[in-house]
Amino acid sequence: MKHSLTRLLSGLDLAVLLLLGGGSGAAAAGPQGLPAVEGAVDEYLHSLPADFHTLRTVPALKSLMAGGNVLLIDVRQPGEYRAGHIRGAVNLPLRELDDHLGAIPTDKEIVLYCSTGFRSAMGVMALQLQGFRHVRGFPPSFAGWQAAGEAVSGPEAGNGAQA
């Protein structure tokens, strides 16, 4: 199962490239029905709510965390996590996420964050493909949390608060 996440993401990348015309030659031209598929994908993507699989604001994350039924996962590397992280978050680096699927509860809201939103988006997609349904990303990420003046744990703890 260790490499299944990598293969899954690679396959998804290829599928997206082919559907969006990023392939070369015959692959870009595709079968006769490709424009219909592109139209259906475009329609589906535009029909998704703006907050689909995301918590776009610090107050939204704080509200979810206040409910107590959430697991906050920092998907950055251990050194980044040790340097500072959102209080209560556990560190499961993106590259190791596949190794820890059994430790991720299915009865809680799962929220992933990183430094900029890229790794957390990949993690959300990967967990969704693995069957997790209550998983979201936090695109403001650690930088947005800090910019909002929220308390963090670790050496970079703003406002002197450390766990």
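What you see is a predicted model; the values in this text were computed from it and never measured.

1. Some words on the sheet that holds strand 1 (residues 70-74)
Right, so step 1: As summarised here, the arrangement of the 4 strands in space is 3-1-4-5, forming an open sheet in which the pairing is parallel. Looking at the sheet topology across the chains shown, the edges are occupied by strand 3 (90-91) and strand 5 (135-137).
Right, so step 2: Where strand 1 and strand 4 (residues 109-113) come together, 5 bridges link them in parallel fashion. Across the sheet, L72 pairs through a bridge with V111, a residue of strand 4.
Right, so step 3: Across the sheet, helix 4 (residues 58-66) is in contact with strand 1, strand 4 and strand 5; its angle to strand 1 comes to roughly 130 degrees.

2. Let's talk about the pattern of salt bridges
Right, so step 1: Counted by the stated rule, this structure contains 4 salt bridges.
Right, so step 2: With a closest N to O distance of 3.2 Å, K62 and E150 form a salt bridge. Here E150 lies in the loop between helix 7 (141-147) and strand 6 (152-153) and K62 lies in helix 4, a separation of 88 residues in the sequence.
Right, so step 3: The residue E109 makes a salt bridge to R136 at a minimum N-O spacing of 3.3 Å. Of this pair, E109 sits in strand 4 while R136 is found in strand 5, placing the two residues 27 residues apart along the sequence.
Right, so step 4: Note on R136: relative accessible area 22%, which makes it partly exposed.

3. What to know about the side chain of E150
Right, so step 1: Here the side chain of E150 touches K62 through a polar contact of 3.2 Å, side chain to side chain.
Right, so step 2: Excluding anything up to four places from it in sequence, E150 contacts V58, K62 and W145.

Parameters at a glance
- Residues numbered from 1 in each chain as written.
- Predicted model: local features only at pLDDT ≥ 70, side-chain atom pairs only at ≥ 80, totals over all residues.
- Heavy atoms only, no water.
- Pairing = 2+ DSSP bridges.
- Helix = DSSP H or I, 4+ residues; strand = E, 2+ residues; numbered from the N terminus.
- Contact = heavy atoms within 4.5 Å.
- Axes fitted to C-alpha atoms, helices over the stretch in contact; angles between N-to-C directions.
- Salt bridge = Lys/Arg side-chain N within 4 Å of Asp/Glu carboxyl O.
- Buried < 20%, exposed > 50% of the residue type's maximum accessible area, 1.4 Å probe, protein only.
- Polar contact = N/O pair within 3.5 Å; in protein donor to acceptor, adjacent residues only side chain to side chain.

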